[in-house]
Amino acid sequence: MNITLHLVPIVSLLAGILILVMPRLLSTIVAVYLIVVGLVGLFGSGNFLR
């Protein structure tokens, strides 16, 4: 049984919700989002579940 986890949509959904709830954290949330997307792009999302 293979379970695939797509991190980018989950992270972007959480970031969007946090921005709506706490707009003052916009720059921090964007920075964390870009770091996570960059790490997923470099290492690939499949390596987190192996």
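Anything mentioned here points back to the structure above.
Since we're looking at a predicted model, the values are computed, not measured.

Draft legend 1. Looking closely at the overall build of the protein. Broken down by element type, the protein carries 2 helices and 0 strands. In the protein, which comprises 50 residues, the share counted as buried stands at 6%. Roughly 4,200 Å² of accessible area belongs to the protein as shown, and the carbon and sulfur atoms make up 74% of that amount.

Draft legend 2. The arrangement of the packing of helix H1 (residues 7-21) against helix H2 (residues 26-43) in detail. Packing of H1 against H2 brings their axes to within 10 Å, and their N-to-C directions diverge by 180°. As far as their axial angle goes, H2 and H1 are roughly antiparallel. Mapping the contact onto sequence places Leu7, Val8, Val11, Ser12, Ala15, Leu18 and Ile19 in H1 and Leu26, Ile29, Tyr33, Val36, Val37 and Val40 in H2. Among the residues making up the contact of H1 with H2, the classes are represented as 12 nonpolar, 1 polar and no charged.

Draft legend 3. The arrangement of the environment of Leu34 in detail. One can find Leu34 in helix H2. Accessibility expressed as a relative area gives 54% for Leu34, which makes it exposed. C-alpha of Leu34 to C-alpha of Ser12: the two residues are 22 residues apart in sequence and 9.8 Å apart in space.

Draft legend 4. Structural detail: the environment of Gly44. With respect to the element layout, Gly44 can be found in the segment after H2. Exposure remark for Gly44: the relative accessible area of 24% places this residue in the partly exposed category. Sequence-wise, Gly44 and Leu7 are 37 residues apart; in three dimensions their C-alpha atoms are separated by 9.9 Å.

Calculation notes
Residues numbered from 1 in each chain as written. Predicted model: local features only at pLDDT ≥ 70, side-chain atom pairs only at ≥ 80, totals over all residues. Heavy atoms only, no water. Helix = DSSP H or I, 4+ residues; strand = E, 2+ residues; numbered from the N terminus. Buried < 20%, exposed > 50% of the residue type's maximum accessible area, 1.4 Å probe, protein only. Areas by Shrake-Rupley, 256 points an atom, 1.4 Å probe, with all protein chains shown as cover. Axes fitted to C-alpha atoms, helices over the stretch in contact; angles between N-to-C directions. Parallel < 35°, antiparallel > 145°, perpendicular 65-115°, else oblique. Contact = heavy atoms within 4.5 Å. Nonpolar A, V, L, I, M, F, W, Y, C, P; charged D, E, K, R; others polar.

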